[in-house]
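An overview of the molecular structure
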Amino acid sequence: MPQPRYITIHGHFYQPPRENAWLEAVETQDSAHPFHDWNERITAECYAPNASARILDARDRILRIVNNYTSISFNFGPTLLSWLASRSPDTYQAVIEADHASRRRFGGHGSAIAQAYNHMILPLANARDQRTQVRWGSRDFQSRFGRKPEGMWLPETAVDTPSLEALAGEGIAFTILEPHQARTVSGDPIDPTMAYRCALPSGRSIAIFFYDGPISRAVAFENLLARGENLAHRVIGAFSDGRKHPQLVNIATDGETYGHHHRYGDMALAYALRYIEDNELATITNYGRFLELHPPAEEVEIVEETAWSCAHGLERWRSDCGCNTGAGPDWNQRWRDPLRRALDWLRDEVATIFETKGAAVLRDPWAARDEYIDVLLDRSEDRVRWFLQEHQHAGEASTALDLLEMQRNAMLMYTSCGWFFNDLSGIETVQVLQYACRVLQLAESLSGRALEAQFRDRIAEAQSNLPDRGDGRQIYDREVVPMRLDLRRVAAHYAVASLFDHFEEEADVYCYRIKRHDFELQRAGRARMAVASITVTSLVTRESASFEFAVLHLGETELTGGVRATNAVSDYETAKKALDDALQPGGLPSVIRLLDRFFAETPISIRALFRDEQRRILNIICDATLQEAESALRSLHERYDPLMRFHTRLGIPLPKVLQTAAEFDVNLQVRRLAGEETIPLAELEARLREAQEERIPLDETTLMAITTAIERYASRFADDPANVDLLEGHRSLVGLVRSMLLPVNLRKPQNDYYRMMTTIRPAVASHAGNGSSDANRWLQLFDSLGEQLSISPEAGG
């Protein structure tokens, strides 16, 4: 009797934590343009598309929209899931629901598995960090998916015996490795179509699956995703009639392969899975289900300190082993070793501080650290209060939280991406240095010890391959130290922002809460002045301090003022009255002298704003100047438009200044039209035709604005599906964009339409069958919209 054949495709979905260590938010990353940051970009290119992957018919129309996560095995990094939950909740919910669906499909075994918390290379970590990473990863998973994880992904599949002990100690049943990372006890070659048992020194054991290396590499690097059918046949071809046991062909790659690294990889994956199932070539399953049906009968021993992305063991994360992502021919990665040694030194120094200072406020500091994940998952007052009741025995709450935040950042600074790439100055390495800076700030505050100078000397041994970037100390001083915040800097940010934004009496600014005690905003001509008394509280550590500030904006980027700490004998009222009296025509020199007199403690300028807010408020400040420039370019474009068209008809390149004016003007006008609540379609069409006739390219920002406009129409129609006017406007806008062959992303409108096609259209069709003219008109418009959105009339069947 033939043995069963199973297939599992595993995706390791992960991005390094990118949050500013003081703001707990991801700031603008210009390299991800036109997206705000790389998390946002990869979500648009991969994570969201895999939640709604397309299967097309012979005419390239959408036949089915499927959630790939329901059919594959996957893990998401906990820090990435945290970002998705707040910034892309639809995608996050699709991931959670996919696990629930897979449990129904695969005998109670969910397809999601956990991951060690922040992608630390566990074999290079000490035992305490190994344990906490696994516990945090497991607890985070349980909080999100509502069940304990059966399996756990080891970052970079980096493995040694203590790492497996840490997994088994938390009840993890299995993990996934590459075949070269183990050897069988029997001496036979590793067979990646079966599960193995690995006995551990503690007496525990863990099951290990070995993914098919050649097929996985072909998916990741050899364009196997060009056609879904090719992927299906390659996976099916890995079965062998010579094997006499149930076979599991399983592959594992970075999840970003499906859509980010390979465009439309999500569609190839969806088609391959459907092709395998429709043709009954094998049974799609997941690791937990296979393990239940076919427990391991053979044993393996791991090869200590190996990983899937380094041919030299674990050297990619500690030495110049030659592994990189395409560095220049004369580059090296000798910087990896001094970086790791510096962080190891810092980790050990702060461990001593944590134990000695922690013993005074926490019953068991290391046990508290293991449980601190509960606070990271829910920073509400009630949860923090409960946690401190469980673990604190003396001292201030802020001290206990400072200690635990010091430890959290001491683990974040080991995120593997800091060593993975080509140079010390890369954004991933600067990010781990930023976490180290936060560790140093907390450690020095808690202990009174000066550690930063020693750390800077140690990282100075690390040299960038780019001469202008210098060494680790220079990179740290130039790119990390200026980002460091304290409550006073938060107060300075608020002071400047208060000139341009309306804040409530109590407002949250990133992970800080600002409470006003007094606030006064005055104007005199172009000048504006804010004077206030506030309290700033960290929502992370509960540290709190009060400040007073006065800030004067004279126009454009001319801004001056200062922040000072509130003290028991404050002359705040005197200062405020003096400033009020001086702010009058001709009195600005007096105001500036008073600012220097009363608020010279910490001078502030436009630089006090955090990065994203700095850009936004600079745009507000420069608005008049920008409007003037826009008007000049528009006038230039309008005046010479006939000449431009004549050049275009003759095929003669436009002079650069005219081309620039035309591109700026047309793109700006299209964006403004697309941003209107009700889009004037005739005017938009005229601008788009102008761009077409004059061969003016629409930039990525403009295309995103058009995409957002279509999504806005789609959402309004989905919320009010009986509104025929909305339907007609939606159809007209999509039709215009398609007729112009604009490369806009229609994914969300297609998703909305597909859902309505399977839920609302049948009900309307029944009314149309009863002779309703309104229903018939609705169907005509709706079906026409579907054609414009490239939805097959047979979709959803």
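Summarised in this report is the structure supplied together with it. None of the values given here were measured: they were computed from a predicted structure.

A word on the overall build of the protein. Across its full length, the protein holds 31 helices and 19 strands. Projected onto its principal axes, the C-alpha positions of the protein cover 100 × 80 × 60 Å. Here the protein holds 797 residues, and 55% of them are scored as buried. Looking at the protein alone, contacts between residues at least 24 apart form 70% of all its contacts between residues at least 6 apart. Carbon and sulfur atoms make up 49% of the accessible area of the protein, which totals about 33500 Å². In the protein, the 88 positive side-chain charges and the 113 negative ones have mean positions that sit 1 Å from each other.

What follows deals with the layout of surface pockets. Roughly 1100 Å³ of volume is contained in the second largest pocket. Looking at the second largest pocket, it is lined by 37 residues, and the ones nearest its centre are Phe221, Asp254, His261, Phe420 and Phe421. Looking at the lining of the second largest pocket, the elements that each hand over two or more residues are helix H1 (38-51), helix H6 (213-221), strand E11 (247-254), helix H15 (417-420) and helix H16 (427-447). A total of 5 residues in the lining of the second largest pocket trace back to one element, the largest contributor, which is H6. A per-class count over the lining of the second largest pocket returns 16 nonpolar, 13 polar and 8 charged.

A few words now on the packing of aromatic side chains. Each aromatic ring pair is characterised by the separation of its centres together with the angle its planes make. Counted according to the given criterion, the structure contains 31 aromatic pairs. Centroid distance Tyr6 to Phe290: 5.4 Å. Interplanar angle 80°. Geometry classified as edge-to-face. Of the two residues, Tyr6 sits in strand E1 (residues 5-13) while Phe290 sits in helix H9 (residues 287-293), which places them 284 residues apart along the sequence. Just as Tyr6 is buried, Phe290 falls in that class too.

Bringing the side chain of Thr8 into the picture now. Residue position: Thr8 is located in strand E1. Overall, the relative accessible area of 1% leaves Thr8 in the buried class. One polar contact links the side chain of Thr8 to the main-chain carbonyl oxygen of Thr285, over a distance of 2.9 Å. Not counting residues up to four positions away in its chain, the partners in contact with Thr8 are Ser73, Leu248, Val249, Asn250, Ile251, Thr285, Asn286 and Tyr287.

On to the sheet that holds strand E7 (residues 174-177), then. Strands sit in the order E7-E10-E9-E13-E8 across an open sheet of 5 strands; the sheet is mixed. Edge positions in the sheet fall to E7 and strand E8 (182-184), since each of these pairs with one other strand and no more. Across the sheet, the mean angle from the axis of one strand to that of its neighbour is 40°, orientation sign disregarded. Sitting on the sheet, helix H5 (residues 161-169) touches E7, strand E9 (196-199), strand E10 (205-210) and strand E13 (298-302), and the angle it makes with E10 is about 110°.

Buried residues dominate H5, accounting for 7 of its 9 residues. Buried within H5 we find Thr161, Ser163, Leu164, Glu165, Ala166, Leu167 and Ala168. The inward-facing, buried residues of H5 contact helix H4 (127-145), strand E6 (152-153), E7, E9, E10 and E13. Gly171, located one to two residues past H5, shows a positive phi value of around 80°.

With the rule as written, the count across this model stands at 0 disulfides. In this structure Cys321 is not part of a disulfide, and its nearest cysteine sulfur, from Cys323, lies 3.7 Å away.

A sheet is described by the order of its strands in space; here 6 strands give the open sequence E14-E15-E16-E17-E18-E19, paired in antiparallel fashion. In the strand order of this sheet, the two ends are held by strand E14 (506-509) and strand E19 (602-603), each with one partner. In the sheet, strand E17 (residues 544-555) pairs with strand E18 (residues 558-565) via 8 bridges, with the strands oriented antiparallel. Within E18, the residue paired with Leu552 across the bridge is Thr560. Contacts between helix H19 (residues 487-497) and the sheet are confined to E14, strand E15 (512-524), strand E16 (527-538), E17, E18 and E19, with E17 contributing the most and set at about 35° to the helix. Along the sheet, helix H20 (residues 572-582) makes contact with E15, E16, E17 and E18, crossing E16 at roughly 160°.

Criteria and thresholds
Residues numbered from 1 in each chain as written. Predicted model: local features only at pLDDT ≥ 70, side-chain atom pairs only at ≥ 80, totals over all residues. Heavy atoms only, no water. Helix = DSSP H or I, 4+ residues; strand = E, 2+ residues; numbered from the N terminus. Buried < 20%, exposed > 50% of the residue type's maximum accessible area, 1.4 Å probe, protein only. Contact = heavy atoms within 4.5 Å. Areas by Shrake-Rupley, 256 points an atom, 1.4 Å probe, with all protein chains shown as cover. Lys, Arg positive; Asp, Glu negative; His and termini not counted. Charge placed at Lys NZ, Arg CZ, Asp CG, Glu CD. 1 Å grid on protein atoms, 1.4 Å probe; cavity = no way out; pocket = protein on both sides within 12 Å on 5 of 7 lines; lining within 4 Å. Points joined across faces, edges and corners; volume = space filled by probe spheres on them. Nonpolar A, V, L, I, M, F, W, Y, C, P; charged D, E, K, R; others polar. Phe/Tyr/Trp six-rings, centres within 6.5 Å; stacked < 30°, edge-to-face > 60°. Polar contact = N/O pair within 3.5 Å; in protein donor to acceptor, adjacent residues only side chain to side chain. Pairing = 2+ DSSP bridges. Axes fitted to C-alpha atoms, helices over the stretch in contact; angles between N-to-C directions. Disulfide = S-S within 2.5 Å.

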